[in-house]
Amino acid sequence: MTTDHLVPPDIAELYEIHEWRNAVGILQTAFPQEWQEIQHALRAFRLFRSEVLTAGGSRSSIVARLEKPLKDADWIERQFRTAIVVDGTERESPTHSVDCFKGRVALEVEWNNKDPFFDRDLNNFRLLFDLQVIDVGVIITRCSELQTIFNSLGRGPSFGNSTTHMSKLLPRLRGGSGGGCPIVVFGISERLYIED
């Protein structure tokens, strides 16, 4: 049984949704404020043709616009200082920073990175969950179906098969790469695309 049926219908119509270990149920019951803020960000987002046509650099305007409602609600980028102690000897073991963090919820946006970033994110969620720092992880990425739009705009090579999209994430998620951490994934679908 999954709890993805708890995603409001208007969001479910716009995004491809997958979950691991009842993440949506945990968000709704244990983190209702954070869940409302995530829903607000998902509802506000649209994928504009003009932004797809613009080269992104290190942080595209697409990602910045998607994260803005969360940042406005006091979600922060956060890196945790962790260490391993063996026989009194401490070895630092820093985590990768989380794009958006609030109230034991970690959220990553992977728009157009190389697909090994999913390994990094899932491993980070697993580690932070095992250390009892987070209770749920969220990833927002693009649906693989958007490649057809990118190709029609002449931007296909910039969004190639070795970049972050749903088809690259699902085998990792279903294979347990996030360990015991409950995770929900939202895929930006063609239903969010606007010809501006």
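Look up a bit, the structure's there.
Residues numbered from 1 in each chain as written. Predicted model: local features only at pLDDT ≥ 70, side-chain atom pairs only at ≥ 80, totals over all residues. Heavy atoms only, no water.

Remarks on the packing of helix 6 (residues 116-130) against helix 8 (residues 166-174)
The line we're drawing: The axes are straight lines fitted to the C-alpha atoms, using for helices just the contacting stretch, and the angles between their N-to-C directions are given from 0 to 180°. Note on conventions: DSSP H or I runs of at least 4 residues are helices, E runs of at least 2 residues are strands, and numbering of each starts at the N terminus. The sense of a crossing depends on the near helix, which, turned anticlockwise from the far helix by less than a right angle, makes the crossing left-handed and, turned clockwise, makes it right-handed. A contact between two residues is defined here by any heavy atoms of the two lying within 4.5 Å. Three classes are used, and their members are as follows: Ala, Val, Leu, Ile, Met, Phe, Trp, Tyr, Cys and Pro are nonpolar, Asp, Glu, Lys and Arg are charged, and the others, Gly among them, are polar.
One can describe the packing of helix 6 onto helix 8 by two numbers: an axis separation of 9 Å at closest approach and a directional angle of 35 degrees. For the pair helix 6 and helix 8, the crossing hand works out as right-handed. For the pair formed by helix 6 and helix 8, the contact residues are Pro116, Phe118, Asp119 and Leu122 on the first element and Lys168, Leu169, Arg172 and Leu173 on the second. Grouping the amino acids of the contact of helix 6 with helix 8 by side-chain chemistry returns five nonpolar, no polar and three charged.

So, the sheet that holds strand 9 (residues 183-188)
As a reminder of what qualifies: When DSSP locates at least two bridges between a pair of strands, those strands are taken to pair.
Read from one edge of the open sheet, six strands run 1-9-8-7-6-3, paired in mixed fashion. Looking along the sheet, the strands with just one partner apiece sit at the ends: strand 1 (15-20) and strand 3 (76-78). Looking at each pair of strands side by side, their axes are set apart by 30 degrees on average, direction ignored. Here strand 1 runs beside strand 9; their pairing, made up of six bridges, is antiparallel. Bridge pairing in strand 9 links Glu16 to Gly187. Its contacts with the sheet place helix 6 against strand 6 (98-102), strand 7 (105-110), strand 8 (136-142) and strand 9, and it is angled at close to 180 degrees to strand 7.

Section: helix 3 (residues 32-44)
Under the convention used in this document: Between the first and last residue of a helix there are one fewer steps than residues, each counted as 1.5 Å, and that sum is the expected span. For every residue, the accessible area (1.4 Å probe, protein chains only) is compared with the maximum for its type, and the residue is labelled buried under 20%, exposed over 50%, or partly exposed between those bounds.
Here helix 3 contains 13 residues, and its C-alpha end-to-end distance of 18 Å stays within 8% of the 18 Å for a straight helix at 1.5 Å per residue. The set of residues buried in helix 3 consists of Glu34, Trp35, Glu37, Ile38, Gln39, Ala41 and Leu42.

Some details on the nonpolar core
Under the convention used in this document: For this analysis, a nonpolar core means a set of buried residues of the types Ala, Val, Leu, Ile, Met, Phe, Trp, Tyr and Cys, connected via side-chain atoms within 4.5 Å.
Within the largest apolar cluster, 40 residues are counted, with the highest numbers of intra-cluster contacts made by Tyr15, Ile38, Phe186 and Ile188. Residue contacts for Ile188: discarding those within four places in its chain leaves Tyr15, Phe45, Leu47, Leu66, Trp111, Ile140, Thr141, Arg142, Cys143 and Leu146. Membership of the second largest hydrophobic core comes to 17 residues, among which are Val98, Phe125, Leu169 and Cys181.

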